[in-house]
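As a plain string of letters, each chain reads:
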Amino acid sequence: MYIGLDLGTSGLKGILIDDTQGVLAEASAPLSVSRPHEGWSEQSPADWISAAEQVLQQLAAHGLGKVRGIGLSGHMHGATLLDHSDEVLRPCILWNDTRSHEEAAELDGDPLFRRVTGNIVFPGFTAPKLMWVRRHEPAVWDRVAKVLLPKDYLRLWLTGEHVAEMSDAAGTSWLDTGARDWSDDCLAASGLSRSHMPRLVEGSDVSGTLRDALASRWGLPKGVVVAGGGGDNAASGVGVGVVRAGDAFVSLGTSGVLFAANDGYQPAPETAVHTFCHALPNTWHQMGVILAATDALNWFAGMVGDTAAHLTGALGGLQAPGKTLFLPYLGGERTPLNDAAIRGAFLGLEHATDRAAATRAVLEGVTFAIRDSRDALAATGTKLERLIAVGGGTRSDYWLRAIATALNVPVQLPVAGDFGGAFGAARLGLMAATGAGAEVCTLPPIARVVEPDATLTQAFDAGHARYRAAQTAIRGLK
């Protein structure tokens, strides 16, 4: 058996698989986000441990005596700051926190960072958060001994080891992404050194072994290996089998991701596309990231006092985009704008804009943001021939049809089951325990394919053009 633990923004999910990759059990525990100031987004690392304990307790009901490996996945970029005793110094600053936009611009102004990391220094990345702490919380900065990414704090609890892996480390602005090693120059430019960083492994490598006390607590054998794992999107890529050039997936989670695997390193920071190491050796990936996907839909549902499922389930067949536009920039945007200050908007509101029309506008807005990412990927030479769709937003058939039509590409929906980050983490745990390679990362069985609606392709092209015009119009409004 193999366990995958996926630390998400809104909850921690665990999955138990056997050696045929059949799912034996799933478990989850909720998490909340603290937003003490505008643009801030934080979590307590102690809550992650509590959630992991709940998940492992649930999985233990199925018997864990045959577990050989554990894999980890988690939300990226978070700054978890530890002192010399591994005590947490402050709440973790999360991926969708934009407070360090000034520090990010300063670091990005140094050509070193784009040249070495292959990426823009985004406000959500880890390095500018440390610069913010240095500037605004000097007493905390002075005590920083180690900087860990969120899932790697879970690893510290599981194994006692300070370890990161390539895919997650690529989102810090400290990794030489082509060389797959920490950059001493980027660290020095941030006032840090290699000693502040965890040891690096590949995602399918062994990073440590489960502590005996935890193994005995939940009935696992001694010596269970913990794989390097992956950042949430790389682990999802492993989970859906997107590990080879030409394969891609779209994830409709809290954030939205358009993810394509590459067998070489193809940085293009000027496009605001992320170019990161994949969770497997000698493999990279590119992705466009939008900060609010289901987050935008859930925000709207809360505002109108309804549920996302009810709102989207009542829409019926796909329609041409209407006059009402929605720009989903509730907390800034990454690809292609790299703008932490931009905010969302409804435009073109009229008497005819009822609840259904506004819901369609929200889904279309996120869809057009994903199309922006597709266009940015295309500018680097990456072409999408098909897409696998994952994440909570795939429950909306309307949304899938809108994406297929707006991108003019078939969207494949896997059979029932979770092939996301937790499943990918479990696969990485299997690889670390057995020495298996990418051959175990097969594509999931496809339940159905959502084809573009050729009768609405032009309407969605026109809707995207209006969306881009609206985007330009509001960028000066802060």
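Everything here concerns the structure above.
Along each chain, the written sequence defines residue order, and numbers are assigned to residues from 1. It should be noted that, the model being predicted, local features are given only for residues of pLDDT at least 70 and side-chain atom pairs only at 80 or more, the latter also being counted only at that level, while totals for whole chains, interfaces and linings use all residues. The side-chain values count all of the structure's non-hydrogen atoms but skip hydrogen atoms and water molecules.

Q: Would you explain empty space enclosed by the protein in this entry?
A: If a probe as big as a water molecule is rolled over the atoms, it shows which places are left empty. Here a cavity denotes grid points, spaced 1 Å and computed from the protein atoms alone, that fit a 1.4 Å probe unable to get out, and a pocket denotes an open set having protein on both sides within 12 Å along at least 5 of 7 lines; residues with an atom within 4 Å of a point are the lining. Grid points are joined across faces, edges and corners, and a volume is the space filled by probe spheres set on the points. The tally for this structure, following the rule as stated, stands at two cavities of 30 Å³ or more. Considered as a void within the structure, the largest cavity measures approximately 80 Å³ in volume. Lining the largest cavity are 15 residues, and of these Thr 98, Pro 123, Gly 124, Leu 291 and Arg 334 lie nearest its centre. Three categories are distinguished: nonpolar for Ala, Val, Leu, Ile, Met, Phe, Trp, Tyr, Cys and Pro, charged for Asp, Glu, Lys and Arg, and polar for the others, with Gly belonging to the last. Residues that form the lining of the largest cavity fall into these classes: five nonpolar, six polar and four charged. Put simply, the second largest cavity is a space of about 50 Å³. Taken together, Gly 78, Thr 126, Val 147, Leu 148, Leu 149, Ala 164, Thr 172, Trp 174, Trp 182, Met 197 and Pro 198 make up the full set of residues lining the second largest cavity. Classifying every residue of the lining of the second largest cavity gives eight nonpolar, three polar and no charged.

Q: Please explain the layout of surface pockets as it appears in this structure.
A: Of the volumes computed, that of the second largest pocket is approximately 220 Å³. Lining of the second largest pocket is provided by Arg 35, Gly 39, Trp 95, Asn 96, Thr 98, Leu 291, Ala 292, Asp 295, Leu 330, Gly 331 and Arg 343. Counted by class, the lining of the second largest pocket contains four nonpolar, four polar and three charged residues.

Q: Is there a simple way to explain the side chain of Asp 6 in this structure?
A: Helix and strand assignments follow DSSP, with helices taken as H or I runs no shorter than four residues and strands as E runs no shorter than two, numbered in order from the N terminus. The topology assignment puts Asp 6 in strand S1 (residues 2-7). Buried charge without a salt bridge: Asp 6, with Lys 13 as the nearest opposite-charge side chain at an N-O distance of 7.6 Å. By definition, residues are in contact when any of their heavy atoms lie within 4.5 Å. Non-local contacts of Asp 6, meaning those with residues more than four positions away in its chain, are made with Gly 11, Leu 12, Lys 13, Ser 73, Gly 74, Gly 421 and Ala 422. Only protein chains enter the area calculation, which uses a 1.4 Å probe; residues under 20% of their type maximum are buried, those over 50% are exposed, and those in between are partly exposed. Positive residues here are Lys and Arg, negative ones are Asp and Glu, while His and the chain termini are left out of the count. By convention in these notes, a salt bridge is any Lys or Arg side-chain nitrogen within 4 Å of a carboxyl oxygen on Asp or Glu.

Q: How do you make sense of the pattern of salt bridges when you look at a structure like this?
A: Two side chains that carry opposite charge are able to pair once their charged atoms sit near each other. For the structure shown, the criterion picks out 27 salt bridges. Residue Asp 152 pairs with Lys 151 through a salt bridge whose shortest N-O separation is 3.0 Å. Accessibility expressed as a relative area gives 0% for Asp 152, which makes it buried. With a closest N to O distance of 3.9 Å, Lys 222 and Asp 212 form a salt bridge. Remark: Asp 212 occurs in helix H9 (residues 212-218) and Lys 222 occurs in the loop between H9 and strand S14 (225-227); sequence separation between them is ten residues. Several salt bridges share partner residues, and in doing so they unite Glu 42, Arg 90, Asp 97, Arg 99 and Glu 137 into one network.

Q: I tried to follow the sheet that holds strand S18 (residues 274-277) on my own but got confused; where do I start?
A: Strand pairing in a sheet is mediated by backbone hydrogen bonds. Such pairs are either parallel or antiparallel. At least two DSSP bridges between two strands are needed for those strands to be called paired. Here we have seven strands laid out as an open sheet, ordered S18-S19-S17-S16-S22-S23-S24, and mixed in their pairing. Of all strands in the sheet, those bounded by a partner on one side alone are S18 and strand S24 (446-450). Taken pair by pair, the neighbouring strands of this sheet meet at an average axis angle of 30 degrees, ignoring direction. Examined bridge by bridge, strand S17 (residues 256-262) and strand S19 (residues 284-290) share seven bridges and lie antiparallel to one another. Across the sheet, the residue bridging to Asn 262 is Trp 284, located in S19. Only C-alpha atoms enter the line fits that serve as axes; for helices the fit covers just the stretch in contact. Angles between N-to-C directions range over 0 to 180 degrees. Sheet contacts for helix H14 (residues 397-407): strand S16 (248-252), strand S22 (387-390), strand S23 (411-414) and S24; angle to S24, the most-contacted strand, approximately 55 degrees.

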